[in-house]
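What the coordinates show
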Amino acid sequence: MSENGLLQILLFSSTLITTGLGAYTSRMAHIPGARHFALLMFSVAWWSLFDGIGPFVTSVEAKTTLSQLSYFGIVFAPISFFLFVFQYSGVDLLREHFLRNSLYVLGFIVLFGVFTNDLHHQHYIEVTLNEGSFAPSYSYGSIFWFWVGCSYILLVLSTYQLIRTAINSSDLFKSQITLLIISSFLPWIGNILYLRGYTPIPGFDLTPLGFMGVGILCVTAIFRGKLFEMIPVAYESLFKNMNDAAFLLSHDLRVIDSNKSAEALISTSGWRGRPIDELIRGIEDSELERLYEFLLNIRSNWSEEQHTLELMVRTEAGSRRWVSISGTGIQSKASDDEGYLLLTIRDISEARRSQELTNRNALHLELVNEVARDLLAEGNWISKMGRIVQRTKETFHTAYSFIWDVESETLDVSTAYSLADSAAALETIEDIDFSQLILREERRLERGEILNYSQPNKKIALIGFPFIVDKKLVSVWTHIWRGTLPDEQMLNVLRLQSDLILAAVAREGLLTDAIEAKEAAIKANNAKTEFLSMMSHEIRTPLNAIIGISHILESEVSDDIKDKVASLLASSDHLKNLVNDIL
């Protein structure tokens, strides 16, 4: 087989290969850059086809016509490559209608000049057919050299954009883009060799084969690197420059890439290819299990639906931080079982604290409402205060909450606990010498100031709100904490609660009535004691006299009266025993 035959086979092979590549990528029209890549491949196929047919004809006119037809590929191949590169790297020239349309208009103008060459001879001036050459030799005119210049400008700009994208892109894309950069030089090399006459056979243009190499290398990137599944510049803007920490995971949950914010969460260097659960510092075992289940759930269906998980992590200082992890599955176009996981991690500690504060405020306000309802409801004071004390302990996590009676120096009966709780409360009160504390702070309390006391070494904190009736301190609404300290918000709510209770006391005179009832009971008890003492004296004196006289008469009276005296004496002794038992 002659050398021309071998070159024809090579060109026809290029036609088949580039047609197949164009058909493959045209089915991925939804992917940015795929349409231009397909047009590039079809243009190269057209170019290769008519260059390959050329040796079959012998006349100069037929060869010239085939050469003119090949210009559809020669013109649109560099334009398509230029648009493909820029769209792949994230610069969408399709939005710049003037620039895009200008390129196509320029291409058609060149084609018009090629097909009307017989009228102006600006594309080629002279055509000669040399023996043994693959194609005619042309003396080219201004239109040819103009398009050569335009093609080189498009190739230079494309190569520059690829290099710029490679410099700015993630390591994830460097191998792909490097492959594209290498491929972009192949048409240069082939065209320069053709123009300089360094081809194996005179007249053989290596440029379409160079573009075929572009297609093969790009498809290699498609299959090996999933070229069209992520766009480098979009990736940079949406991933690398995110404020939130972001990780890109493979289907086996290993880290492919991360942004700068994520590096602060990574616990070690050499993170690429490591499982994500080994890298994020501060995750406890229970939270790690939840994270793993979360990732497996995303991977199970590769849904683009966003999933969210909140986790607690610990900082190096030991404090707790809350993070929100959002995950999205990106299914691979090559396999239904493979894909990527995009995780974004945001610190929501402040938002969570704000939410907890809001919830706690709502709980506190509800407590105040319940206290107001209890105080306005029917019922006795003791049952009301019992409910209020119980809710206060549950809401504010106090160890003890009670009303301290200043006069009797003990727990008010309305807030007394069970026997065991009262004993524990009294032990704590005695431990901090609460009675002496009230005496020392009595003047401040009478002015309405809050009692604030703590023993840090014993982790005890105490807050007291004075109840003042008729300008006299009668009791203190007291709360004791162990291990925790109340914050300002809690104090404000407790102060409001205290004001409500004091208002109820002032309105209904509850404490005054209780004090008066207590004083009346003491007076009644004293009167009873005094009465019994007096009655004991008044009854025993005549009874003792009767008993004494009965003993005297018993020895002096006659026998017939002794029985009556004995009966009197027995009755007197019985009456004395009854008085002793009663009094």
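Residues numbered from 1 in each chain as written. Predicted model: local features only at pLDDT ≥ 70, side-chain atom pairs only at ≥ 80, totals over all residues. Heavy atoms only, no water.

**Some words on the packing of aromatic side chains**
Scanning the model with the defined rule gives 18 aromatic pairs in all. Ring geometry for Trp46 versus Phe72: centroids 6.0 Å apart, planes at 80°, classification edge-to-face. In this pair, Trp46 is assigned in helix 2 (residues 34–53) and Phe72 in helix 3 (residues 60–88), connecting sequence segments 26 residues apart. Given a relative accessible area of 32%, Phe72 falls into the partly exposed group. Seen in terms of ring centroids, Phe81 and Phe211 are 6.4 Å apart; in terms of plane orientation they differ by 70°. Their pairing is edge-to-face. Here the residue Phe81 occupies a position in helix 3, and Phe211 occupies one in helix 8 (residues 207–225), the gap between them amounting to 130 residues. (Phe/Tyr/Trp six-rings, centres within 6.5 Å; stacked < 30°, edge-to-face > 60°. Helix = DSSP H or I, 4+ residues; strand = E, 2+ residues; numbered from the N terminus. Buried < 20%, exposed > 50% of the residue type's maximum accessible area, 1.4 Å probe, protein only.)

**So, the pairing of strand 8 (residues 400–405)**
By the criterion of burial, strand 8 is predominantly enclosed, with six of the six residues buried. Burial along strand 8 is two-sided: Tyr400, Phe402 and Trp404 facing one way and Ser401, Ile403 and Asp405 facing the other are all buried. Two elements, strand 8 and strand 12 (residues 472–482), share six bridges in a ladder whose sense is antiparallel. Across the sheet, the residue bridging to Phe402 is Thr478, located in strand 12. Note that strand 8 and strand 9 (residues 410–411) share two bridges and pair antiparallel. For Trp404, the partnering residue across the bridge sits in strand 9 and is Leu411. The antiparallel hairpin formed by strand 8 and strand 9 contains four residues in its connecting segment, where Glu409 sits at a positive phi of about 55°. (Pairing = 2+ DSSP bridges.)

**Observations regarding the packing of helix 2 against helix 3**
Packed helix pairs are characterised by how far apart their axes lie and by the angle those axes make with each other. Closest axis-to-axis distance for the helix 2/helix 3 pair is 7 Å, and the angle between their directions is 155°. By the angle class used here, helix 2 and helix 3 are roughly antiparallel. Helix 2 and helix 3 meet at a crossing whose hand is left-handed. Among the residues making up the contact of helix 2 with helix 3, the classes are represented as 17 nonpolar, six polar and one charged. (Axes fitted to C-alpha atoms, helices over the stretch in contact; angles between N-to-C directions. Parallel < 35°, antiparallel > 145°, perpendicular 65-115°, else oblique. Left-handed = near helix turned anticlockwise from the far one by under 90°. Nonpolar A, V, L, I, M, F, W, Y, C, P; charged D, E, K, R; others polar.)

**Overview of helix 3**
For helix 3, built from 29 residues, the straight-helix expectation of 42 Å at 1.5 Å per residue is met to within 8% by its first-to-last C-alpha distance of 42 Å. Residue Ser70 marks the point of greatest curvature in helix 3, where the axis turns by about 30°. Judged by how many residues are buried, helix 3 sits mostly within the fold: 23 of 29 residues are covered. (Expected span 1.5 Å × (residues − 1). Bend = angle between axes of the 7 residues up to and from the residue.)

**Quick notes on helix 2**
When the terminal C-alpha atoms of helix 2 are compared, their 29 Å separation across 20 residues agrees well with the 28 Å that a helix rising 1.5 Å per residue should span. Taking burial as the measure, the 20 residues of helix 2 include 14 buried ones, the bulk of the element.

**A closer look at the pattern of salt bridges**
For the coordinates displayed, the defined rule picks out 10 salt bridges. With a closest N to O distance of 3.7 Å, Glu356 and Arg352 form a salt bridge. Taken together, the residues span about one helical turn, with Glu356 and Arg352 both in helix 12 (residues 349–376) at a distance of four residues. A relative accessible area of 43% places Glu356 in the partly exposed class. By relative accessible area, which is 24% here, Arg352 ends up partly exposed. Measuring nitrogen to oxygen at the nearest pair gives 2.9 Å for the salt bridge that ties Glu370 to Arg391. You can see Glu370 sitting in helix 12 and its partner Arg391 sitting in helix 13 (residues 381–396), a full 21 residues away along the chain. By relative accessible area, which is 24% here, Arg391 ends up partly exposed. (Salt bridge = Lys/Arg side-chain N within 4 Å of Asp/Glu carboxyl O.)

**Describing the packing of helix 3 against helix 4 (residues 97–115)**
It is the contact of helix 3 with helix 4, at a shortest axis distance of 10 Å, that shows an interaxial angle of 165°. Between helix 3 and helix 4, the crossing angle belongs to the class labelled roughly antiparallel. For the pair helix 3 and helix 4, the sense of crossing is right-handed. Where helix 3 abuts helix 4, its residues Gln68, Leu69, Tyr71, Phe72, Val75, Phe76, Ile79, Phe82 and Leu83 lie against Leu103, Tyr104, Gly107, Phe108, Val110, Leu111, Val114 and Phe115. (Contact = heavy atoms within 4.5 Å.)

**What about the environment of Arg360?**
Its place among the elements puts Arg360 in helix 12. Given a relative accessible area of 28%, Arg360 falls into the partly exposed group. C-alpha of Arg360 to C-alpha of Thr395: the two residues are 35 residues apart in sequence and 9.0 Å apart in space. In this structure, Arg360 is in contact with Asp487, Gln489 and Met490, ignoring residues within four places of it in sequence.

**A few points about the nonpolar core**
One recurring pattern in soluble globular proteins is that nonpolar side chains are buried together. If you look at the biggest cluster of nonpolar residues, it comprises 42 residues, and the most contacted ones within it are Leu40, Tyr71, Ile79, Phe81, Phe84 and Phe211. Breaking this core down by element, the ones donating at least two residues are helix 2, helix 3, helix 4, strand 2 (137–140), helix 6 (142–168), helix 7 (171–196) and helix 8. If you tally residues by element for this core, the top one is helix 3, at 13 residues. Val368, Ile403, Trp477 and Leu494 belong to the second largest nonpolar core, which has 24 residues in total. (Core = buried A, V, L, I, M, F, W, Y, C linked by side-chain atoms within 4.5 Å.)

In short, the description is geometric, and any link to function would need to be established separately.
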